[in-house]
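Architecture and fold: a report
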Amino acid sequence: MIFPILQFRRCMGLALIAACVAPIGTSAKDFSDADRIACTLAVEEVRWSQRIWPKENVSSKPPLSHVFDRQSAQRLVRDAARMERALAQQFDVRLTISDMQSELDRMVRNTRAPEQLRRLFAALDNDPQRLAECLVRPALVKRRLQTAYWQDTRLHAPVRERALDALHEIRAGALPSGIVQTIEQSATPPVARVPRPDGFLRAPTSRPGSTPDRKGVVDVGSAFEFRKPFVGSDGRPATRVWTWPKVDFHSWWQKNASTFDGPIKRLAATALRVPSVEKSVLSNFTGWRPEGAPSGRRDAMSLWTGDEMLIWGGHSYDGGGTRMYLYDPATDSWRTVGASISSNVPAVWTGSEAVFWSGRAETSGRYDPRSDTWRPMSMEGSPTERTDASLVWTGTELIVFGGAIGLQTALSDGGRYSPSEDRWTAIPETTVVAGRSEHSAVWTGQEMLVWGGMHFVPSENGGYLAQFHVDGGRFDPVSGEWTALEGEEIAPPSIEPAHWTGTLMVIWNGYAGALFDPAANSWSAISDIDAPLTGFSMVTAWTGTELLVWGTSEDWENDYALIPDQARYEPATDTWKPMSTSGSPGVLAGQTSVWTGEELIVWGGSTNAYMGPTSGAGARYDPDLDRWVTFDAKPPGRPTPRAGSVSVWTGAEFIIWGGNEPSAAHGTGGQYDPVLDRWQPVTQLDAPSPRTGHAAVWTGLEMIVVGGQANASDETSEGGRYDPASDSWIALPPDGRDTRDDLLAFWSGRELLVWGGTRYWGDPDDHGDRFDPLTNQWTPMSSVAAPVFGRPPAGVWTGTEMLVWGGDNGNVPGHGARYDPVLDTWTAISEANAPTGREAHSAIWTGSEMVVWGGGIAWIVIHGRDTGARYSPESDSWTPTSLVEVPPARHGHSAVWTGEEMIVWGGRVEVNSPTATGGHYAPAVDQWRPTALQDPPPAADGNAVWSDGMMLVWPYAEVWFYRPSPIVPSRLLLQDGFESVN
């Protein structure tokens, strides 16, 4: 049987060949491409079973072979082989069994849908080799290839040279051609800067390859940038950003893919261990969960757990939140955990858990990242609450010392905490070491060494001045005694971390440094020949033989712009040597770091000296290879941050496409697989032109995109049809109407129905059209008795009718109509008891009613609505929605139907005031309850879909997952909450 709705796919040359998914049994040495094709088809069979087939479709769901045949699988296998050859031949990167095991573990650990993942594993017989060849290897190769491409210094050298050559012109006030200039403005004042004493300062010395005109260009992955901070006319800090884009990966691959044909040697993957798929904190929770990566932030805290970097705290535009995140360098992936911690509470790693201490019980405790569980910490005998104290781990105890209470009081007491006994031992106040904060502290194996730090004294103008210490102390926890540590006029002041080499304490303050030998009780100065200038912001790490320093200083000759610098110091020879700069971090202040035992990992920070734009990017430095590898909180394939995009849920993928940033519209997108926690980019080949304000529907086979605009006066009527299985576009012909955006679009089961929209600077378009994929043609809707709106309406598809409703006058009832596509007729909707007119409102279909809610006064859209009503087509009547516990008024929000409730989220309470609140509305009892309030997504318009008990939201930069708490019977509805794992 040929399925009518699918005949257009036959025109594209897909043969109707039955999928061969019989189990295969092969040894490691003879796992052939035919075997890969067979198990690829087995994987696609599971995905096809997950994909939504709308119940309105005129035919039943066809078998996989009608949409993805053996030839399609052959293309995937061929492309994966080409990519693996490119990875090895072009970039000298080869997969190891350890790489594939880590990726398989990541899939199991991070899955949002464990039941579906078990189905995928079962389709491959839970066989390690089939899992490796058909799930792990293709995805890992593609991700590694894209990462290697963006980081390759040879391929992108011409672009970097153009950027370096242009710096002289930029600094002279000119704008060279061929580059992009933007301005990032901070919403917050500059970070307070503490004056440094003379001991902190050192004049710049000549460094090879770092002349002033060629310093400051940084590699940010997809481009090279130069940033220059300034203060705007309104007094707020801002940054001018010059960008030189690299050639994008898709263009490079399309041009070069065929050059990587040929044989390839693969490692057998039979030794892989198949982990058990269980529910986790990522799939079994209530409340909000982000996709898995932290937002960009400055001054975050971090530590190394032995396998992953744990991140918490920090500051960003969205406040940073209280969530904790883990970064796994083995798979270059992030995950969030259920635990949370308030602000920048310091911690140490004991070897099995992180011990957090703040002086307060509610923000102190012991956290095990492997089980994602907290244990309380006794606070009896604990030091008092304070900031900027030092924490060191002795191997058996946590030692807390010093710190400050506000600016008035610097402390010289502390305490020792034994996790095995859950007991504190006080360290009394001492006069040997004056009270201080932000000092250095290290553990030698026998004693704690303390150096430097600062305290504040009142100034003549009523403020406070920083006083820096050029002394310290030695603390013996066995005797409880302190011994003074003098600097001998050699050691500089420091408020940076110190390091213990095994025999020496190393101090480096960004400009000068010294070595302390406790056995000889003596200091020696660190050479400043070829030393880095990193006095503004820096990170350091001890490798076992060298001190690694990376950071920034102020460019005194260029308006104090921040410029990066880095070097490696070897105490044995008292010499500095350069570190590679290619791929080093592009951020300039407030970054955090850990040492893994093999690599220095640097992450986050701000792109300038102000508390302004923050970064989610980072870099890993391997001292053995003298090589940086960049990474980002944004995984490969995830769309760049954007608003105004469209989203559809296919049953297997959450697809985001189009949208805009302040400067440009996008013609790109991505598809997110929650089963494998994996993004894949949407191909740009034959994709529609960039746009925002467009609409999209899912037909069961493809996403159809229509309408939209590239800018304020450039609407479009063309679109595209995207098949996620083959990652391919087919052009959608123009509908013959005037171009429009903000239109409504619905899938009827046979046709795409399009209605309304705006054109020409807001002029309404009160017309409709129907698109038939079988004929690839448009047909106009009847306009007889069609509604006329001043601004775009909202609407729903009932299964048989399209309902549209809106209005542009907030003082009179709104109006609307019902469209029957079979009869091509319109029928007016009753206005009796209808809500007042509005725009940017939401509408959802419950199965028997249309629920309209929110919106704002037409055209101005400032005064949002918190009212709504339910419309019954059967009785042609309206029933107002309750105002009890109703969410705050808003417009431009998301709304989804769960089967029992309408969930509204986000939107704007005023034009420039997005909200991160929402509500649940249960029509059966006409009752509201709030959405979870703890750690919601950043406030935004967003768009949302409902799937398998969760709402998936794209606020701006990543997917967020929202799982409601259950509805309690007998009208008792509980407030949603956050389920912490304790």
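Residues numbered from 1 in each chain as written. Predicted model: local features only at pLDDT ≥ 70, side-chain atom pairs only at ≥ 80, totals over all residues. Heavy atoms only, no water.

1. Digging into helix α7 (residues 157-171)
For clarity, the cut-off: Segments assigned H or I by DSSP are reported as helices when at least four residues long, segments assigned E as strands when at least two residues long, and all are numbered from the N terminus. Helix span, expected: 1.5 Å multiplied by one less than the number of residues in the helix. To get the bend at a given residue, fit one axis to the seven residues ending there, fit another to the seven starting there, and take the angle between those axes. Per-residue accessibility, obtained with a 1.4 Å probe over protein chains only, is compared with the maximum for each type, and a residue is labelled buried under 20%, exposed over 50%, and partly exposed between these values.
Its 15 residues place the ends of α7 22 Å apart at the C-alpha level, agreeing with the 21 Å of an ideal helix rising 1.5 Å per residue. Most pronounced at D165, the bend in α7 amounts to some 25°. Here α7 has its buried residues at V159, A163, L164, A166, L167, I170 and R171. Backbone geometry just after α7 places G173 at a positive phi near 95°.

2. Brief notes about the packing of aromatic side chains
Operational definition: Pairing of aromatic rings covers Phe, Tyr and Trp, the last counted by its six-membered ring, and requires centre-to-centre distances within 6.5 Å; plane angles under 30 degrees mean stacked, over 60 mean edge-to-face, and any other angle means tilted. By definition here, charges over rings are those cases where NZ of Lys or CZ of Arg is within 6 Å of the ring centre and within 35 degrees of the ring normal.
Enumeration over the complete set of coordinates arrives at 41 aromatic pairs. With a centroid separation of 5.0 Å and 45° between ring planes, the pair formed by Y621 and W628 is classed as tilted. Here Y621 matches W628 in class, with each residue buried. Cluster of aromatic residues (ring-pair linked, three or more members): F91, Y149, W150, F249, W252, W253 and F260. A cation over a ring is seen here: K246 above F224, with NZ or CZ 5.0 Å from the ring centre. Here the guanidinium or amino end of R963 rests over the ring plane of F285, the centre of that ring lying 5.3 Å away.

3. Description of the confidence of the model for the protein chain
Keep this limit in mind: pLDDT gives the predictor's per-residue confidence on a scale running from 0 to 100. Throughout, a residue-residue contact means that at least one pair of heavy atoms, one from each residue, lies within 4.5 Å.
The predicted model of the protein chain has a mean per-residue pLDDT of 85, with 85% of residues at 70 or higher. Counting contacts from residues 201-214, a segment whose pLDDT is below 50, to residues more than four positions away or on other chains yields 32 contacts. Low pLDDT (under 50) marks residues 970-982, which in the prediction has 42 contacts with non-local residues, meaning those over four places away or in another chain.

4. A word on the pairing of strand β25 (residues 481-486)
The line we're drawing: Strands pair, by our definition, only if DSSP identifies at least two bridges between them.
Summarising the sheet, strand β24 (residues 471-476) and β25 pair through six bridges and their orientation is antiparallel. When the bridges of β25 are listed, R474 appears paired with T483.

5. Here we look at the environment of R78
Filter applied, for reference: Between N or O atoms, a polar contact is any pair within 3.5 Å; within protein, one atom must be a potential hydrogen donor and the other a potential acceptor, and residues adjacent in sequence are included only when both atoms are from side chains.
Here R78 lies in helix α3 (residues 70-91). Sequence separation of R78 and R36 is 42 residues, and the distance between their C-alpha atoms is 10.0 Å. A distance of 3.1 Å separates the side chain of R78 from the side chain of D79, its partner in a polar contact.

6. So, the pattern of salt bridges
The test is simple: A carboxyl oxygen of Asp or Glu within 4 Å of a side-chain nitrogen of Lys or Arg is what we treat as a salt bridge.
In this structure the tally under the stated criterion is 46 salt bridges. For E308, the salt bridge is made with R109, and the minimal N-O distance between the two is 3.9 Å. Highlighted residues: E308 in the loop between β6 (301-304) and β7 (309-312) and R109 in helix α4 (residues 97-110), separated in sequence by 199 residues. The closest approach of N and O atoms between E958 and R638, which form a salt bridge, is 3.8 Å.

7. What to know about unusual backbone geometry
Of note in the backbone geometry, A785 takes a positive phi value of approximately 65° without being a glycine. With respect to the helices and strands, the residue A785 is situated in the loop between β51 (777-780) and β52 (794-797). Taking relative accessible area as the criterion, A785 reaches 52% and is therefore assigned exposed. For A840, which is not glycine, the phi torsion reads 55° and is therefore positive. Secondary-structure assignment places A840 in the loop between β55 (825-828) and β56 (842-845). Accessibility expressed as a relative area gives 29% for A840, which makes it partly exposed.

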